[in-house]
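# Fold and contact review
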Amino acid sequence: MTNDTLHPSALARINGVPLHAVSDQLSPDELRQRACTELLRQAAQAAGLLDANDTPPADGVISEAASSAIEALIGKNLNMPEPSEEACRRHHAAHEATYCTGERIRVRHILFAVTPGVDVAALRKRAEPIFLDVRCHDDQAADRFADAARKFSNCPSGAEGGDLGWLGTEDCAPEFARELFGHIEVGVLPRLVHSRFGLHIVEVLEREPGVAQSFESVRGAVANSLRQQTFVTALRQYLRLLAGEATVEGVELDAADTPLVQ
């Protein structure tokens, strides 16, 4: 596929089972998510964990029975060893900033909102020249960022020049916080930031560093982080195995990480 939305006449299938109605327009991420879920649903049926008469979802929402069966299937087939003490200590040492508390940033942004049916490729093409403009002029007297926020941002903060004030990690969506916290960058970030809300041009105005936490005080959080990484890796490998054994039509499963395993 060359577009970021599925053409309404294209019908994606897993082993002949349609993933959507002909008239639906899905983003690549939505389509991959449905494909991965359907691979797991069918694998659960093949393993005898789900009734063969379970109905494939027409809208991407699987039955409660299918959800439970997929959970059992994953538990049975994914090998996820417990992280060792040494691995936990290495991870903590390499990601100390992640385990700080009290870090705050003063930030403003320009939001290009992703709404149902939006052409993400077109949205990115709209955002990129504005991003380049404000980044190239962020050291000049004229406040190009604030002007652009008032003109283009889909966030109410646009009326205030995009100003979001001081934020802590708890004030942000997790995927947004990952891009902003635990770094040293100040100024317009050198990339568009993706979140569940859309594409953001972000400027960090100030940073207040947090307080580093000892390994002993965050041991549980470190272990959980490594368990999640192991789970994500194992699930991706399992999905690749299932895809390799299935007849997959109209969807490219290796094009990007599926939201199912993010």
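A brief structural summary. (Residues numbered from 1 in each chain as written. Predicted model: local features only at pLDDT ≥ 70, side-chain atom pairs only at ≥ 80, totals over all residues. Heavy atoms only, no water.)

### Some remarks on the sheet that holds strand β2 (residues 17-18)
Ordered in space as β2-β1-β10, the three strands form an open sheet in which the pairing is antiparallel. This sheet does not close on itself; its edge strands, each paired only once, are β2 and β10 (248-249). Of the strand pairs in this sheet, strand β1 (residues 13-14) and β10 are connected by two bridges, and their pairing is antiparallel. Counterpart to Ile14 in the pairing with β10 is Val248. (Pairing = 2+ DSSP bridges. Helix = DSSP H or I, 4+ residues; strand = E, 2+ residues; numbered from the N terminus.)

### Here we look at the packing of helix α1 (residues 28-46) against helix α2 (residues 64-77)
Their axes nearest at 9 Å, the elements α1 and α2 cross at an angle of 80°. As far as their axial angle goes, α2 and α1 are roughly perpendicular. Across the interface between the two elements, Thr37, Leu40, Arg41, Ala43 and Ala44 of α1 pack against Ala66, Ala69, Ile70, Leu73 and Ile74 of α2. Of the residues belonging to the contact of α1 with α2, the class tally is eight nonpolar, one polar and one charged. (Axes fitted to C-alpha atoms, helices over the stretch in contact; angles between N-to-C directions. Parallel < 35°, antiparallel > 145°, perpendicular 65-115°, else oblique. Contact = heavy atoms within 4.5 Å. Nonpolar A, V, L, I, M, F, W, Y, C, P; charged D, E, K, R; others polar.)

### Quick notes on the environment of Gly16
Along the chain, Gly16 falls in the loop between β1 and β2. On the basis of relative accessibility, which here comes to 42%, the residue Gly16 falls in the partly exposed class. Each C-alpha atom of the pair Gly16 and Val248 lies 8.1 Å from the other, and the pair is 232 residues apart in sequence. (Buried < 20%, exposed > 50% of the residue type's maximum accessible area, 1.4 Å probe, protein only.)

### What to know about the packing of helix α4 (residues 120-136) against helix α5 (residues 144-152)
If you want to describe how two helices pack, look at the angle between their axes and the distance between the axes. As a packed pair, α4 and α5 sit with axes 9 Å apart at the nearest point and diverge in direction by 160°. Relative to α5, the element α4 lies roughly antiparallel. Handedness of the α4/α5 crossing: right-handed. Contacts between α4 and α5 involve Arg126, Ile130, Asp133 and Val134 from the first element and Arg144, Phe145, Ala148 and Phe152 from the second. For the contact of α4 with α5, the class distribution of residues is five nonpolar, no polar and three charged. (Left-handed = near helix turned anticlockwise from the far one by under 90°.)

### Quick word on the pairing of strand β4 (residues 104-113)
With seven of ten residues buried, β4 lies mostly within the body of the structure. Summarising the sheet, β4 and strand β8 (residues 198-208) pair through ten bridges and their orientation is antiparallel. Looking at the pairing, Ala113 lines up with Gly198 of β8. Of the pairings in the sheet, the one linking β4 to strand β5 (residues 163-167) comprises four bridges and is antiparallel in character. Its bridge partner being in β5, Val107 is matched across the sheet by Gly165.

### Structural notes on the environment of Leu239
In this structure, Leu239 sits in helix α7 (residues 215-245). As for Leu239 and Ala94, which are separated by 145 residues in sequence, their C-alpha atoms are 29 Å apart.

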